[in-house]
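Working through the structure, step by step
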Amino acid sequence: MAAGPVLLVLLAAGVVLPARDPLLNVCMDAKHHKSKPGPEGKLHDQCSPWKDNACCTANTSSEAHRDESNLYNFNWNHCGVMPTKCKRHFIQDTCLYECSPNLGPWIDQADSSWRRERILHVPLCQEDCEQWWEDCRDAVTCKENWHKGWNWATGRNRCPWGSMCRPFSEVFPRPKDLCEKIWSHSYKYTTARRGSGHCIQMWFDPAQGNPNVVVAKYYSWKKRSSPVGMEDVAPESDQAVCALPWPVLVLLPLALVLLPEVARGCGSHRWGSL
């Protein structure tokens, strides 16, 4: 056996069976998510940017726009009517959560009865977070963390006993407070800007493509390269070894064993005629 065929086997294995990144183009295991992302031609209004590849159904996208959605029996108007300009951000937040297939690097295990997975520390673009806070600063709420602690006696979320309704600007003094605290740190405030490739956009023009695809790839690579904390480091050539497809890694030891034998065989053949 010659060295050439051994290397060809390794290369063919990598080409025929490329490694699939489990963090890319995936849906989380949660209450209303599809098992796999795919086209949804009739997503409603603010969820429509994901219609070409979505983790939500048309019905889920429609429910996301209701004041008292059947998705989670959650009422945005728990302290009076939420201003339209504020509510649109919560609708967009719901669309991102339900529909996006680009949140894989931040999917985490959940311990609730209605979902097995959640998102944690998704890096929001600075503009998205700050505009959310600006448009909601005059809205009113009684809670900092909307994930838990509600009074569900009526089947809908109501303010817990003894709580007071206050402006968002008091409950969330800074954009960072709103984006990080309201959903138990599902999001992380960043200074990264839209188009940087380093932050997730809640808002985007589908005609320009989905910018979050590149962001998910970037953070997926970071997570593989430095799982603890996903440090912001640039790709190096030695990282390519870690990213080799698994068939190559499986066959590599065999190649290392065979190559010395091949070398000896090639040597005796080359010099045997002299």
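Coordinates for the structure precede this section.
Scope of this entry: the structure provided in the associated data block. (Residues numbered from 1 in each chain as written. Predicted model: local features only at pLDDT ≥ 70, side-chain atom pairs only at ≥ 80, totals over all residues. Heavy atoms only, no water.)

Overview of the state of the cysteines
- In the structure shown here, the tally under the stated rule is eight disulfides.
- The disulfide partner of C47 is C95, and the S-S distance across this bridge is 1.9 Å. Since a negative S-S torsion denotes a left-handed disulfide, the C47-C95 link at about -80° is left-handed. With C47 in the loop between α1 (3-16) and α2 (58-63) and C95 in helix α3 (residues 84-99), this pair connects stretches of sequence that are 48 residues apart. Taken as a pair, C47 and C95 share a single burial class, namely buried.
- Linked covalently through their sulfurs, C125 and C199 form a disulfide whose S-S length is 2.0 Å. Taking the sign of the S-S torsion, about 90° here, the bridge from C125 to C199 comes out right-handed. Here the residue C125 occupies a position in the loop between β5 (122-124) and α4 (126-136), and C199 occupies one in the loop between β8 (187-189) and α7 (212-225), the gap between them amounting to 74 residues. Comparing C125 with C199 shows no difference in burial state: the two are buried. (Disulfide = S-S within 2.5 Å. Helix = DSSP H or I, 4+ residues; strand = E, 2+ residues; numbered from the N terminus. Buried < 20%, exposed > 50% of the residue type's maximum accessible area, 1.4 Å probe, protein only.)

Some details on the packing of aromatic side chains
- This model, assessed by the stated rule, comprises 17 aromatic pairs.
- For the ring pair W76 and F90, a centre distance of 5.3 Å and an interplane angle of 40° mean the geometry is tilted. Here the residue W76 occupies a position in the loop between β2 (74-75) and α3, and F90 occupies one in helix α3, the gap between them amounting to 14 residues. F90 shares its class with W76; the two are buried.
- When the ring of W76 is compared with that of W146, the centres are 6.3 Å apart and the planes differ by 35°; the resulting orientation is tilted. Of this pair, W76 sits in the loop between β2 and α3 while W146 sits in the loop between β6 (140-141) and β7 (166-167), placing them 70 residues apart in sequence. (Phe/Tyr/Trp six-rings, centres within 6.5 Å; stacked < 30°, edge-to-face > 60°.)

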